[in-house]
Amino acid sequence: MATQFWSDLQAVIDGLLTGSLYSLIGMGMALIFGVMRIVNFAHGAFMMLSMYVTYLLFDRLGVSPYIGFLAAAAAMFGVGFASYHGLLRWVIDRSEFMIILITLGIAQIFIGGAQLTFGGDFHKVNPPLSGQVVHVGSHLTLNGGELLSFAISIALAVGMFLFVMKSRFGRALRAIAQNRYAASLIGINVQRTQAVAFGLGVAAVGLAGGLFLPAFYLYPEVGSGFNLKSFVMVVLGGMGSIEGAAIAGLVLGVVESLTSLHWGNQWALVVDFVIFLLVLSLRPAGLFGSQRV
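This text gives an overview of the structure that appears in the document.

Definitions and limits used
Residues numbered from 1 in each chain as written. Predicted model: local features only at pLDDT ≥ 70, side-chain atom pairs only at ≥ 80, totals over all residues. Heavy atoms only, no water. Helix = DSSP H or I, 4+ residues; strand = E, 2+ residues; numbered from the N terminus. Rg over C-alpha atoms; globule rule 2.2 N^0.38 Å. Buried < 20%, exposed > 50% of the residue type's maximum accessible area, 1.4 Å probe, protein only. Contact = heavy atoms within 4.5 Å. Areas by Shrake-Rupley, 256 points an atom, 1.4 Å probe, with all protein chains shown as cover. Lys, Arg positive; Asp, Glu negative; His and termini not counted. Charge placed at Lys NZ, Arg CZ, Asp CG, Glu CD. Pairing = 2+ DSSP bridges. Expected span 1.5 Å × (residues − 1). Salt bridge = Lys/Arg side-chain N within 4 Å of Asp/Glu carboxyl O. Axes fitted to C-alpha atoms, helices over the stretch in contact; angles between N-to-C directions. Parallel < 35°, antiparallel > 145°, perpendicular 65-115°, else oblique. Left-handed = near helix turned anticlockwise from the far one by under 90°. Phe/Tyr/Trp six-rings, centres within 6.5 Å; stacked < 30°, edge-to-face > 60°.

1. Points about the overall build of the protein
Of regular secondary structure, the protein possesses 11 helices and 2 strands. For the protein, the sequential pattern of α-helices and β-strands runs α-α-α-α-β-β-α-α-α-α-α-α-α. Expected size for 293 residues packed as a compact globule is a radius of gyration near 19 Å; at 19 Å, the protein falls within 12% of this value. Reported as C-alpha extents along the three principal axes, the dimensions of the protein are approximately 65 × 45 × 35 Å. Relative to its full complement of 293 residues, the protein shows a buried share of 49%. By sequence separation, contacts in the protein at least 24 residues apart represent 78% of the contacts at least 6 residues apart. Taken as a whole, the protein presents about 13300 Å² of accessible surface, with 66% of it coming from carbon and sulfur. One way to put it: in the protein the 14 positive side-chain charges average out to a point 18 Å from where the 11 negative ones average out.

2. Considerations on the side chain of Thr54
Along the chain, the position of Thr54 falls in helix α2 (residues 43-61). Ignoring sequence-local partners within four residues, the contact set of Thr54 consists of Pro65, Gly68, Phe69, Ala72, Gly210 and Leu213.

3. Some details on the pairing of strand β2 (residues 140-143)
A one-sided burial pattern is seen for β2, the buried positions being Leu140 and Leu142 and the unburied ones Thr141 and Asn143. Sheet topology note: the strand β1 (residues 133-136)/β2 ladder contains 4 bridges and is antiparallel. Residue pairing in the sheet places Val134 in a bridge with Leu142 of β2. Hairpin geometry of β1 and β2 is characterised by an intervening segment of 3 residues between the two adjacent antiparallel strands and by a positive phi of about 70° at Gly137.

4. A closer look at the side chain of Thr193
Inspection of the secondary structure assignment puts Thr193 in helix α8 (residues 190-212). Assessed through its relative accessible area of 7%, Thr193 is described here as buried. What Thr193 contacts, discounting residues up to four positions off in sequence, is Phe169, Ala172, Leu173, Ile176 and Ile188.

5. Some words on helix α4 (residues 96-118)
End to end, α4 covers 33 Å across 23 residues, agreeing with the expected 33 Å (1.5 Å per residue, within 8%). Taken together, the buried positions of α4 are Ile99, Thr103, Ile106, Ala107, Phe110, Ile111 and Ala114. Downstream of α4 by a residue or two, Gly119 has a phi angle that is positive, lying close to 80°.

6. A few points about the pattern of salt bridges
Taken as a whole and assessed by the stated rule, the structure comprises 4 salt bridges. The closest approach of N and O atoms between Glu256 and Lys229, which form a salt bridge, is 2.6 Å. With a gap of 27 residues between them, Glu256 in helix α10 (residues 242-262) and Lys229 in helix α9 (residues 224-237) connect regions that are remote in the sequence. Of the two residues examined, Glu256 and Lys229, each falls in the buried class. Where salt bridges share partners, they join Lys229, Glu256 and Asp272 into one cluster.

7. What to know about the packing of α10 against helix α11 (residues 268-282)
Closest axis-to-axis distance for the α10/α11 pair is 9 Å, and the angle between their directions is 135°. It follows that α10 is oblique to α11 by the angle criterion. Here α10 runs over α11; the crossing is right-handed. Here Leu252, Val255, Glu256, Thr259 and Ser260 of α10 lie close against α11, whose contacting residues are Ala268, Val271, Asp272 and Ile275.

8. So, the packing of aromatic side chains
Here the structure, examined in full by the defined rule, presents 17 aromatic pairs. Residues Tyr22 and Phe226 carry aromatic rings whose centres are separated by 6.2 Å and whose planes lie at 70° to one another, so their mutual orientation is edge-to-face. Of this pair, Tyr22 sits in helix α1 (residues 2-36) while Phe226 sits in helix α9, and the two are 204 residues apart along the sequence. Side by side, Tyr22 and Phe226 carry an identical accessibility label, which is buried. Centre to centre, the rings of Phe212 and Phe226 are 5.6 Å apart; their planes meet at 50°, and the pair counts as tilted. Of this pair, Phe212 sits in helix α8 while Phe226 is found in helix α9, placing the two residues 14 residues apart along the sequence.

Pasting the structure below:
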């Protein structure tokens, strides 16, 4: 009984460490959906690109992923901004089906480009910090890299929330989320603000991708599973609520960790999908209430 307790507690802690990075992914998706009602099926592909940027910095220049993630986020902001201006702004007022097709197309372009550029090989990075272990008592162990990622991601999530809720730009985002036409009448440049918002949402998943790099094998389709995770977080946290998505990320990390402990890793994605369907069916507004940015 005692052994099971410590195993469960270790799984909960590991889930919180992973869930903090999920929170960044979910907040990015929630920001995009809350402001523009774009269901971004390219979210995982953007994450994959950020991981390749971080990998190249580590492999070619020796830059630690715990620093290189900043460059990856900056690159993803540029890619997101360009994607909105080049493609998405032309279809944002059309049907949701059209937007889904466009984002799916963006994802396939990026995945295919990565396969052509890097091949289908698996890559792994092992920075020194990721091999360090912190012992808490005689039963619990924490990975040094995951601890640093947790601290960074929590700070970034709090900073992102404060930026959206307190800054002048954040007020413009919330105005557009409520009524784009009225926002334009009070002098807000809707197109530019939406482009920056999309860039910020993609940058958030870029931050998570860079920090996730030491924990995953890198290959062109590594981000595919994160599309479902991000949808689960947005639905679970309340459609468009960035703070709800952040909390949902922590919850999802813990649930996946406990599922892997008791049933095996292969069931984690199944549980994600079950949660997604149950919340959509029983509480469409999300467990934390619906709120658009």
